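Summary of structural features
Spelled out from the first residue to the last, the chains are:
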Amino acid sequence: MSTALLVIDVQMDFVARRDRGMVWGNPDAETSIATLLAAFRDKGLPVLHVHHNDPNPEDSFHADQPGSAVQPLAAPLPGEAVFIKHGSSGFIGTGLADHLSAEGITGLVIVGGAANYCVESTARMAGNLGYATTVVGDALINFRQKLRDGREMAAGDVLALTLANLDGEFAQIASVNEILTQVAS
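Now for a quick tour of the structure. (Residues numbered from 1 in each chain as written. Predicted model: local features only at pLDDT ≥ 70, side-chain atom pairs only at ≥ 80, totals over all residues. Heavy atoms only, no water.)

**Observations concerning the overall build of the protein**
Which entries qualify depends on this criterion: Secondary structure follows DSSP: runs of H or I at least 4 residues long count as helices, runs of E at least 2 residues long count as strands, and numbering of each begins at the N terminus. All radius of gyration figures rest on C-alpha atoms, and the globule criterion is 2.2 Å times the number of residues raised to 0.38.
Counting its secondary structure elements, the protein contains 6 helices and 8 strands. Listing each helix as α and each strand as β along the protein from the N terminus yields β-α-α-β-β-α-β-α-β-β-β-α-β-α. Relative to the compact-globule value of 16 Å for 185 residues, the protein shows a C-alpha radius of gyration of 15 Å, a close match. In terms of overall dimensions, the protein has a C-alpha envelope of 45 × 35 × 30 Å along the principal axes.

**Digging into the sheet that holds strand β4 (residues 105-113)**
Using the following cut-off: At least two DSSP bridges between two strands are needed for those strands to be called paired. Between N-to-C directions, angles cover 0 to 180 degrees, with each direction set by a line fitted to C-alpha atoms, over the stretch in contact for helices.
Pairing in this open sheet of 6 strands is parallel, and the strands run β3-β2-β1-β4-β5-β8 from one edge to the other. Because the sheet does not close on itself, it has two edges, and the strands there are β3 (81-85) and β8 (172-174). Neighbouring strand axes in the sheet, compared pairwise and without regard to direction, differ in orientation by 25 degrees on average. In terms of strand pairing, strand β1 (residues 2-8) meets β4 through 7 bridges, oriented parallel. Among the inter-strand pairings, T3 is bridged to a residue of β4, identified as G107.

**Considerations on the pattern of salt bridges**
As a reminder, the rule being used: Take a side-chain nitrogen of Lys or Arg and a carboxyl oxygen of Asp or Glu: if they are within 4 Å of each other, that pair is a salt bridge. Burial here depends on accessible area, computed with a 1.4 Å probe over protein chains only, as a share of the maximum for the residue type. Under 20% is buried, over 50% is exposed, and the range in between is partly exposed.
Counting across every chain of the model gives 8 salt bridges. One salt bridge connects R17 with D13, and the closest N-O pair in it is separated by 2.5 Å. Here R17 pairs with D13, and both are found in helix α1 (residues 12-19), just 4 residues apart, close to one helical turn. With a relative accessible area of 5%, D13 lands in the buried category. Residues R144 and E152 are paired through a salt bridge, measuring 2.9 Å at the closest nitrogen-oxygen approach. For R144, a relative accessible area of 40% gives the class partly exposed.

**Concerning the nonpolar core**
Among soluble globular proteins, nonpolar side chains are generally buried collectively. Basically, it comes down to this: For the purposes of this section, nonpolar cores are sets of buried Ala, Val, Leu, Ile, Met, Phe, Trp, Tyr and Cys residues that join through side-chain atoms within 4.5 Å. Should any heavy atoms of two residues lie within 4.5 Å, those residues are considered in contact.
Ranked by internal contacts, the top residues of the largest apolar core, which has 26 residues, are L6, L48, L100, L108, I110 and V135. For this core, the secondary-structure elements that each account for two or more residues are β1, β2 (47-52), β3, α3 (96-103), β4, α4 (115-128), β5 (132-141) and α5 (155-166). In contact with L6, not counting residues within four places along its chain, are L48, V50, L96, L108, V109, I110, V111 and T122. Formed by 25 residues, the second largest nonpolar core is a distinct cluster that contains L36, L37, F61 and V109.

**Side note on the packing of aromatic side chains**
For the record, the criterion: Within 6.5 Å between ring centres, the rings of Phe, Tyr and Trp (the latter by its six-membered ring) count as paired, and their orientation is classed by plane angle as stacked under 30 degrees, edge-to-face over 60, tilted in between. Placement of a positive charge over a ring is assigned whenever Lys NZ or Arg CZ falls within 6 Å of the ring centre and within 35 degrees of the normal to the ring plane.
Going through the model one piece at a time under the given rule, you end up with 4 aromatic pairs. Considering the side-chain rings of F14 and F61, the 5.4 Å spacing of their centres and the 65 degrees angle between planes classify their relative orientation as edge-to-face. Note that F14 is positioned in helix α1 and F61 in the loop between β2 and β3, a separation of 47 residues in sequence. Owing to a relative accessible area of 7%, F61 belongs among the buried residues under this scheme. Ring geometry for F14 against F143: centres 5.9 Å apart, planes inclined by 35 degrees, an arrangement best described as tilted. Of the two residues, F14 is situated in helix α1 and F143 in the loop between β5 and β6 (145-146); the sequence distance between them amounts to 129 residues. The pair formed by F14 and F143 is uniform in burial state, with each residue classed as buried. A cation sits over an aromatic face here: R18 above W24, 4.4 Å from the ring centre.

In structure tokens, the structure reads:
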């Protein structure tokens, strides 16, 4: 079985939101993502990137907006496949599934943001498509969520709920340390 690290939407808009006071559910997410990138690259394991490019020119993730730029810690290296998406799932309209099939990749370790949007959408689809999917809970970016009744759910609670939604049904949930142990063996 071949497993790839799938880095989703580690883009500057998330940094800008944090800098404006939006607390991340994982304050150390960037460090965790960088650690996993280094481990996969060191072992010569596949690293894949999905970047969001919203078609709306006013959206902060539009290609012409500063928020769409990739965070330097997650910049793709030569030879690492990059898939551009216009919606939530990394599989819709990107060629990701075809690439995985062509490369014989049957497992995905997913990191990035936002946990309860694009990560969750991609992980659900990966699980439904039969990939051995692992979501690294402490390598995810997310924020608080306003509920329909006006209440706000804290970022940590949003993350916990997202991981609970995925756990066992669509993906396995792991920590950075668990993945590092697997990569090292």
